[in-house]
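Structure assessment
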Amino acid sequence: MRQRSARIAVLLFLILGVRLASAQSGGQLRFCLRSEPKTFNPLLVADDASETVRYLTGGVLMRLNRMTQQLEPQLAVAWKVSDNGRTISFKLRENVHFSDGTAFSAEDVAYTMQQLMDPALHSPTGDSFRSGKGKIVTQVTGKSQISVTFPAPVVGLDKLFDQVAIMSAKSPEKEMAVLGPYFVAENKAGSYLLLKRNPNYWKHDADGRPLPYIDSIRLDIQQNRDIEMLRLLRGEIDIINSLDAEYYDKLEAQAPGMAYDAGVSLDSEQMWFNQVPNSPLPAYKKTWFSSTNFRRAISESINREDLVRVVFRGHARPAVSWISPANKFWFNSRLQPHPFAPKAALQALAQDGFHMQNGALHDREGHLVEFSVITNAGNKYRERMAAMIQQDLAGIGIRLNVVTLDFPSLIERITRSFDYEACLLGLVNDDLDPNAQMNVWLSSADNHQWNPRQKAPSTAWEAEIDSLMRAQAATLDMKKRKQAIDRVQEIVWQQEPFIYLVNKDAMSAVSTALHHAHPVVLRPQAYWNIDQLTLASEVARNR
């Protein structure tokens, strides 16, 4: 019994010791940005570097926990969505101050929202809130209470505030006065940014100690991935927030304790066929590409498992539809990736009159089945995928030509001239709510890539998707929304306007000197819990 009590005492001592060490961490965290931030105004963020700075410095009303994927209170201790999604009311945390000492109140929230929704500002963050014509109305009902009313319902309204960093209405420092864990202390153009601990940050740990634990963050501007990796191995930096498969495997071979694969991400790689009626393609190819049997046959002729194994070195998963399995709530778990089934593909093609002749596939009119796929030059993963798809399609008698283009030329073809046959690209997705992809799935949308800007849906299934997407956007009933989105995923799985290939894994690198990091699939993967991170005592002392 004494021995057990002694063990418990030692365990408690160790736990308390770790907590004390955490509180005394201090020191400087270091990692790299690929480019300079384009803005410090949190409402104008549209690039990765600026988003990093906003996440580290901005105080938000609610924060999406990147691990649980649930909203948590921050500057707002409570909130309520009402009026069918038009109005949100907040009860704010009291006795909070900006980094320069200016007091935080409901007036700051009102000021931020008015700035955010000002059409003259052209805020990318504000675009997510635009639901109809008219202005928003902010009503301050007390020092710590405010309601915001939009001209029309906004789906997933509360979750959008994860991206809204509150600005001061009164501080002379304007956007440089912040409510987050750090503030920008120094900006040496083209070289580095130095962030320092916000002395007025409102958060404390369970023992009442102020957060964050780390004193400062140095963000070096570094575009070269090889140099970044070398600096990590030398102990000069502590994090690489996003790794590709090749760099992950190199790191795992040299320093396995630093490599983290959090599992499948929200990002997808897909290909699609040009179905634009007035595109400069031969009529017989337009007939191919508009056929569900043809698209399904192409899909079943692609070995997704091989793409995962060879191209992504196992750090990916065969894709199912437009929502990744990483999106825990919205993913339709009844669906499975399309199998590699070349025999079934040939049977589907036969239904449309395709037939083999001298080892090559021909259509019912005798045309040789041959087409080109375009992708962006310099992306080695897509170039490798295209080469493997080329081999797979040769197995059913189809000749695929791979064309790599610089990115501006590729965008010109898929959005303006429509002078292409098929395209292989990816989608980087940061939003869990499927409503963020309304600009893809509505047939009238610009990003309805296979046939954009339709005056009326060209097919019955596109009309059904239009109806379902609008229906889910018009209700706050999550059960009804989930049913609608599940059905959209089923339609996309059946019709394959996009042939989804893989969902890549979210991979990061974290120094063994950085403690309490738990990389996840949602951005920012490695430092989402920045105010909980600590440095090893020796590293902290030397920085």
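Residues numbered from 1 in each chain as written. Predicted model: local features only at pLDDT ≥ 70, side-chain atom pairs only at ≥ 80, totals over all residues. Heavy atoms only, no water.

**Structural notes on the overall build of the chain**
The test is simple: Helix and strand definitions follow DSSP, with helices as H or I runs of at least four residues and strands as E runs of at least two, each counted in order from the N terminus. Note that the radius of gyration is over C-alpha atoms, with the globule rule given as 2.2 Å times the number of residues to the power 0.38. Under the scheme applied here, a residue whose accessible area is under 20% of the maximum for its type counts as buried, over 50% as exposed, and between as partly exposed, the area being computed with a 1.4 Å probe on protein chains only. Throughout, a contact is declared for two residues whenever any of their heavy atoms are within 4.5 Å. Neither His nor the chain ends is counted toward charge; the positive residues are Lys and Arg and the negative residues Asp and Glu. Charge positions come from single atoms, namely NZ of Lys, CZ of Arg, CG of Asp or CD of Glu.
A tally of helices and strands in the chain yields 17 helices and 21 strands. In terms of C-alpha radius of gyration, the chain reaches 26 Å, essentially the compact-globule figure of 24 Å for 543 residues. Taking the principal axes of its C-alpha atoms as reference, the chain extends roughly 80 × 55 × 55 Å. Buried positions account for 53% of the 543 residues belonging to the chain. Within the chain, counting contacts between residues at least 6 apart in sequence, those at least 24 apart form 68% of the total. Side chains of the chain give 61 positive and 59 negative charges; the mean places of these two sets differ by 4 Å.

**Focus on the nonpolar core**
Selection rule: We call a set of buried Ala, Val, Leu, Ile, Met, Phe, Trp, Tyr and Cys residues a nonpolar core when their side-chain atoms join them within 4.5 Å.
Counting 50 residues, the largest nonpolar core has Leu243, Leu251, Phe273, Phe294, Ile298, Phe371 and Leu501 as its most contacted members. Per-element accounting of this core gives the leading share, 6 residues, to helix α12 (residues 380-394). If near-sequence neighbours (up to four positions away) are discounted, Ile298 is found in contact with Phe273, Phe371, Leu393, Ile398 and Ile499. Among the nonpolar cores identified, the runner-up in size contains 44 residues, and Leu92, Leu116, Leu157 and Ala506 belong to it.

**Some points on the packing of helix α10 (residues 304-311) against α12**
Helix packing for two helices is described by the angle between their axes and how far apart those axes are. The criterion, for reference: Orientation is described by lines fitted to C-alpha atoms, with helices fitted over the stretch in contact, and by angles between N-to-C directions that extend from 0 to 180 degrees. Every angle not falling under 35 degrees, over 145, or within 65 to 115 is termed oblique; those three ranges are roughly parallel, roughly antiparallel and roughly perpendicular. Take the far helix as the reference: if the near one is turned anticlockwise from it by less than a right angle, the crossing is left-handed, and if turned clockwise, right-handed. Nonpolar residues are Ala, Val, Leu, Ile, Met, Phe, Trp, Tyr, Cys and Pro. Charged residues are Asp, Glu, Lys and Arg, and all others, Gly as well, are polar.
Where α10 contacts α12, the two axes come as close as 10 Å, and the packing angle between them is 140°. The angle between the axes of α10 and α12 places the two elements in the oblique class. Between α10 and α12 the crossing geometry is right-handed. Judged by residue contacts, Asp306, Leu307, Val310 and Val311 of α10 engage Tyr381, Arg384, Met385 and Met388 from α12. A breakdown of the residues in the contact of α10 with α12 according to their chemical character gives 6 nonpolar, no polar and 2 charged.

**Describing the environment of Val77**
Positionally, Val77 belongs in strand β4 (residues 76-82). Residue class for Val77 comes out partly exposed when judged on its relative accessible area of 36%. A C-alpha to C-alpha distance of 8.4 Å links Val77 and Met62, two positions 15 residues apart in sequence. Ignoring sequence-local partners within four residues, the contact set of Val77 consists of Lys91, Leu92 and Arg93.

**Topic: the confidence of the model for the chain**
For clarity, the cut-off: The pLDDT value tells you how sure the predictor is about a given residue, anywhere from 0 up to 100.
Summarising the model, the chain shows a mean pLDDT of 93, and 96% of its residues fall at 70 or more. Across residues 1-22, where pLDDT falls below 50, the model places 8 contacts with residues more than four positions away in sequence or in other chains.

**With respect to helix α7 (residues 245-254)**
Taken as a whole, α7 has its buried residues at Ala245, Glu246, Tyr247, Tyr248 and Leu251. Elements that come into contact with the buried residues of α7 comprise α6 (225-233), β11 (239-243), β12 (259-273), α12 and β19 (498-510).

**Observations concerning the packing of aromatic side chains**
Aromatic rings considered in pairs are described by the distance between their centres and by the relative angle of their planes. Rules: When two rings of Phe, Tyr or Trp (its six-membered ring) have centres within 6.5 Å they constitute a pair, described as stacked for plane angles under 30 degrees, edge-to-face for angles over 60, and tilted for the intermediate range. Two thresholds decide whether a charge sits over a ring: the Lys NZ or Arg CZ must be within 6 Å of the ring centre and within 35 degrees of the ring normal.
As enumerated under the stated definition, the model contains 27 aromatic pairs in all. Taking 5.9 Å as the distance between ring centres and 70° as the angle between the ring planes, the aromatic pair formed by Phe498 and Tyr500 counts as edge-to-face. Ring-pair connections join several aromatic residues into one group, and the members of that group are Trp272, Trp322, Trp441, Trp450, Trp461, Phe498 and Tyr500. Just above the ring of Tyr381 sits the side chain of Arg384; from NZ or CZ to the centre is 5.6 Å.

**Focus on the pairing of strand β9 (residues 192-197)**
Where we set the bar: Each pair of strands is called paired provided DSSP finds at least two bridges between the two strands.
Relative to β9, strand β8 (residues 182-188) runs antiparallel, the two sharing 6 bridges. In the sheet register, Val184 faces β9, and the bridge partner there is Leu195. Counting the residues in the hairpin turn of β8 and β9 gives 3 residues, including Gly190, whose phi is positive at 80°. Across 5 bridges, the pairing between β9 and strand β10 (residues 216-221) is antiparallel. Following the sheet pairing, Tyr192 is matched in β10 by Asp220.

**Brief notes about the pattern of salt bridges**
Applicable threshold: The term salt bridge refers to a side-chain nitrogen of Lys or Arg lying within 4 Å of a carboxyl oxygen of Asp or Glu.
In this structure the tally under the stated criterion is 37 salt bridges. Across the pair Arg523 and Asp267 runs a salt bridge, and its minimum N-O distance is 2.8 Å. With Arg523 in the loop between β20 (514-515) and β21 (534-535) and Asp267 in strand β12, the pair connects residues that are 256 residues apart, well separated along the chain. Residue classification places Arg523 among the partly exposed residues on the basis of a relative accessible area of 33%. The salt bridge partner of Arg453 is Asp446, with a shortest N-O separation of 3.7 Å. Using a relative accessible area of 42% as the deciding quantity, one classes Arg453 as partly exposed.

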